[in-house]
Amino acid sequence: MQDSPPSSPLVVGVDVGGTKTHLRAVAGDAVVADHVRATSGWRPHEPADAARRLADLVREALPAGALPSALAVGAHACETPLQCARIRVTLQELLGAPAHVVGDAELLVPAAGLDKGVGLVAGTGSVAVGRLPDGAVVQVGGWGAVLGDEGGGAGLVREAARAVWAAHDRGEQPDALARGLLASFGVPEVPALGAALESAEDVSAEWGRHAPVVFTAAAEGSALAGVVIEEAARALAALVVRLAARGVPVDDVVVAGGTVLGRPALYDAFTAALAAVLPGARPRPLTAAPVDGAVALARSLL
């Protein structure tokens, strides 16, 4: 971080993720600030509070006296254009600079250096987003662990539990997946898994923490776990299919999220499933930080 205000226009990008928030400020080619902290108290459904938290973060992270010339934010759980617009309007009033607020999945395409395509995230949850040729945003998935998020960590655990319960109902002995879930949740038998899942206060986060069990069980030969992973991969590919059906260009699919990129079994199954249903779509694992996409969007406001 430099000590004096930059002479070039200062652009600020912020990636508000489910677990961490990353701010990067750039003046010309110089990085003025690069700040990462845990995401806490983020409530995008309360636009005034969300905007205030973002403005406070910007003021804390920038050098004394530095003011942003433009700001772009990719925000976790900012689910509709109207919701994002309300945060943007208040944020502009607080900082006196043009701002752009989008869902965090919209950062992936610009972070990859592309001007169109699909951003697909499979971390704790899952969501895909793209833009129509007229610029309108289309988002699919992202419904949370109770209703959706197939292919995300929490969704994998939910489907693994369902597979284990079905096997129990068929009279089968617990396999590696069942034994792994029982140990991970700290319960003695398969029927107790229901109460363990239902007791979660933060469903997505608490279920998602158990996702490694699914991949470990698959590596140990669990056929149930293998099916859960294959179905998750097909569900992720189906998100891209839904976008294509609505007119979104899907030639490039930028993929991010620890669950899909951190687990080759899921990523490889996803690329195979995508090739089967959309042979022309090119999956691209994101190698840059998503905040780079926010910086690119901020530059476009100058």
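Here the structure is shown first, and the text comes after it.
What you are looking at is a predicted structure, and each value in this text was computed from that prediction instead of being measured.

**Q** Is there a simple way to explain the overall build of the protein in this structure?
**A** Helix and strand counts for the protein come out as twelve helices and ten strands. Over its C-alpha trace the protein gives a radius of gyration of 21 Å, about what one expects of a compact globule, namely 19 Å for 302 residues. Classification of the 302 residues of the protein by burial places 49% in the buried group. In the protein, the share of contacts with a sequence separation of at least 24, taken over all contacts with a separation of at least 6, comes to 65%.

**Q** Where do I start with unusual backbone geometry in this structure?
**A** Glycine aside, residues mostly have negative phi, and peptide bonds are mostly found in the trans state. Although it is not a glycine, alanine 77 sits at a positive phi angle of roughly 65 degrees. As for its placement among the helices and strands, alanine 77 is situated in the loop between β4 (70-75) and α2 (81-95). Judged by its relative accessible area of 26%, alanine 77 falls in the partly exposed class.

**Q** Please explain the state of the cysteines as it appears in this structure.
**A** When the sulfur atoms of two cysteines share a covalent bond, that bond is a disulfide. Tallied over the entire structure, the rule returns one disulfide. Each sulfur in the disulfide pair cysteine 78 and cysteine 84 lies 2.3 Å from the other. For the residue pair cysteine 78 and cysteine 84, the accessibility class agrees, reading buried in each case.

**Q** What should I look at first to understand helix α11 (residues 264-277) in this one?
**A** Structurally, the α-helix is built with 3.6 residues per turn, so residues lying three or four positions apart point the same way. The terminal C-alpha atoms of α11 lie 20 Å apart, and with 14 residues this matches the ideal 20 Å at 1.5 Å per residue to within 8%. Among all positions of α11, only Leu266, Tyr267, Ala269, Phe270, Ala273 and Leu274 are buried. Looking down the long axis of α11, one finds its buried residues gathered within 165 degrees of arc, a one-sided arrangement. Counted as exposed and oriented over 90 degrees from the buried face of α11: Pro264 and Ala276.

**Q** Looking at this structure, how should I read the packing of aromatic side chains?
**A** Two numbers describe a pair of aromatic rings. These are the distance of the centres and the angle of the planes. Tallying each qualifying case throughout the model produces one aromatic pair. Geometrically, the ring pair formed by tyrosine 267 and phenylalanine 270 is tilted, given 6.4 Å between the ring centres and 55 degrees between the ring planes. Of the two residues, tyrosine 267 and phenylalanine 270 are both situated in helix α11; the distance of three residues between them amounts to about one turn of the helix.

**Q** I tried to follow the sheet that holds strand β2 (residues 20-27) on my own but got confused; where do I start?
**A** Whenever strands of a sheet pair, they do so through backbone hydrogen bonds, lying parallel or antiparallel. With mixed pairing, the five strands of this open sheet are ordered in space as β3-β2-β1-β4-β5. At either end of the open sheet lies a strand with only one pairing partner, and these are β3 (30-38) and β5 (99-103). For this sheet the average axis-to-axis angle between neighbouring strands, irrespective of direction, equals 10 degrees. Pairing analysis gives seven bridges linking strand β1 (residues 10-16) to β2, with the strands arranged antiparallel. Bridged to leucine 10 within β2 is alanine 27. Here α2 sits on the sheet and contacts β4 and β5; the angle it forms with β5, its principal contact strand, is near 150 degrees.

**Q** How do you make sense of the sheet that holds strand β10 (residues 282-285) when you look at a structure like this?
**A** An order of β8-β7-β6-β9-β10 is seen for the five strands of this open sheet, with the pairing classed as mixed. Lying at the two open borders of the sheet, with one neighbouring strand each, are β8 (137-141) and β10. Adjacent strand axes in the sheet meet at a mean angle of 20 degrees, parallel and antiparallel pairs treated alike. Most of the contacts of helix α9 (residues 223-245) go to strand β7 (residues 126-131), to which it runs at about 25 degrees, and overall it touches β6 (118-122), β7, β8 and β9 (252-256).

**Q** Is there a simple way to think about the environment of arginine 131 in this case?
**A** For arginine 131, the position within the fold is in strand β7. You can call arginine 131 partly exposed: its relative accessible area is 35%. The sequence separation of arginine 131 and valine 248 amounts to 117 residues, and the corresponding C-alpha distance is 5.7 Å. In this structure the side chain of arginine 131 is engaged in a polar contact, spanning 2.7 Å, whose partner is the side chain of glutamate 106.

**Q** Explain the side chain of serine 126 to me, please; I cannot follow it from the model alone.
**A** Tracing the backbone through its elements, the reader meets serine 126 in strand β7. Overall, the relative accessible area of 5% leaves serine 126 in the buried class.

Scoring rules and cut-offs
Residues numbered from 1 in each chain as written. Predicted model: local features only at pLDDT ≥ 70, side-chain atom pairs only at ≥ 80, totals over all residues. Heavy atoms only, no water. Helix = DSSP H or I, 4+ residues; strand = E, 2+ residues; numbered from the N terminus. Rg over C-alpha atoms; globule rule 2.2 N^0.38 Å. Buried < 20%, exposed > 50% of the residue type's maximum accessible area, 1.4 Å probe, protein only. Contact = heavy atoms within 4.5 Å. Disulfide = S-S within 2.5 Å. Expected span 1.5 Å × (residues − 1). Arc of directions from axis to C-beta. Phe/Tyr/Trp six-rings, centres within 6.5 Å; stacked < 30°, edge-to-face > 60°. Pairing = 2+ DSSP bridges. Axes fitted to C-alpha atoms, helices over the stretch in contact; angles between N-to-C directions. Polar contact = N/O pair within 3.5 Å; in protein donor to acceptor, adjacent residues only side chain to side chain.

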